[in-house]
Amino acid sequence: MVTLLTESGEHGVTSAEPSAGALWVSAKDAREATGWQAKPEGLCKGPVCVPLPAGRERELVDGGRIDLAALWRHLGQPAVRSQRGHAWVLSESARERTAALTSLEAPDFALPDPSGRIHRLSDYRGKKVFLVTWASW
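All values derive from a computational prediction rather than experimental measurement.

A. Examining the sheet that holds strand β2 (residues 9-13) more closely. One open sheet accounts for 4 strands, arranged β2-β1-β11-β10; its pairing is mixed. Strand pairing shows two members of the sheet lacking a second neighbour, β2 and β10 (79-81), which therefore form its edges. Each neighbouring strand pair of the sheet contributes to a mean axis angle of 20°, computed without reference to strand direction. Note: strand β1 (residues 2-6) against strand β11 (residues 87-90), 3 bridges, orientation parallel. In the sheet register, L4 faces β11, and the bridge partner there is W88.

B. Just the environment of F109, in detail. Mapped onto the fold, F109 is located in the loop between α4 (94-102) and β12 (110-112). Judged by relative accessible area, F109 falls into the partly exposed class, the value being 29%. Those residues in contact with F109 that lie beyond four places of it in its chain are H119, R120, L121 and L131.

C. Structural view of the pattern of salt bridges. Overall, the coordinates contain 6 salt bridges when judged by the stated rule. The salt bridge partner of E17 is R65, with a shortest N-O separation of 2.8 Å. Remark: R65 occurs in strand β9 (residues 65-67) and E17 occurs in strand β3 (residues 17-18); sequence separation between them is 48 residues. When its relative accessible area of 42% is taken as the criterion, E17 is described as partly exposed.

D. Structural view of the state of the cysteines. Counted by the stated rule, this structure contains 1 disulfide. Residue C44 pairs covalently with C49 via a disulfide, S to S 2.0 Å. Its S-S torsion of about 110° marks the bond between C44 and C49 as right-handed, since a negative value means left-handed.

E. Representation of the pairing of β2. Bridge count for β1 against β2 is 5 bridges, and the pairing is antiparallel. Of the residues in β2, the one forming a bridge with T6 is G9. Two successive antiparallel strands, β1 and β2, enclose a turn made up of 2 residues.

F. Layout of the nonpolar core. The biggest cluster of nonpolar side chains holds 21 residues, and the ones touching the most others in it are L4, L23, V25, L43, L68 and L71. For this core, the secondary-structure elements that each account for two or more residues are β1, β4 (23-26), α1 (27-34), α3 (68-74) and β11. Counting residues per element, this core draws most heavily on α3, which supplies 5 residues. Contacts of L23, omitting those with residues within four sequence positions, involve V2, L4, A16, E17, P18, I66, D67, L68, A69 and W88.

Criteria and cut-off values
Residues numbered from 1 in each chain as written. Predicted model: local features only at pLDDT ≥ 70, side-chain atom pairs only at ≥ 80, totals over all residues. Heavy atoms only, no water. Pairing = 2+ DSSP bridges. Helix = DSSP H or I, 4+ residues; strand = E, 2+ residues; numbered from the N terminus. Axes fitted to C-alpha atoms, helices over the stretch in contact; angles between N-to-C directions. Buried < 20%, exposed > 50% of the residue type's maximum accessible area, 1.4 Å probe, protein only. Contact = heavy atoms within 4.5 Å. Salt bridge = Lys/Arg side-chain N within 4 Å of Asp/Glu carboxyl O. Disulfide = S-S within 2.5 Å. Core = buried A, V, L, I, M, F, W, Y, C linked by side-chain atoms within 4.5 Å.

Below is the structure:
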């Protein structure tokens, strides 16, 4: 089993076959961990599809498996692994992260108020918000 860290969280991937530069996983595990799936038009995440490089399709998709490390490199994003290959991090590029930070727009999140009603930050876009946090440690 390989532990895969992505923007959506930590995933235990039992179908993973890691090597020095590749991380082959089942199409099902790729979709669950990253949102990317193989379609006739290429590799897609929601409405966004990335065509497979002509003549190099098998470098990214082979049967029912996807090489997530190759996909991340193809997208220009970092894919790093532990020395043993039991843990991988698939992250967004520094350019995307910098753009998100300089935009000063906080990522969406949801928190309950004292009565249990859920509030999402996106519900208050365009309005002034005063957010107070506290931690006991």
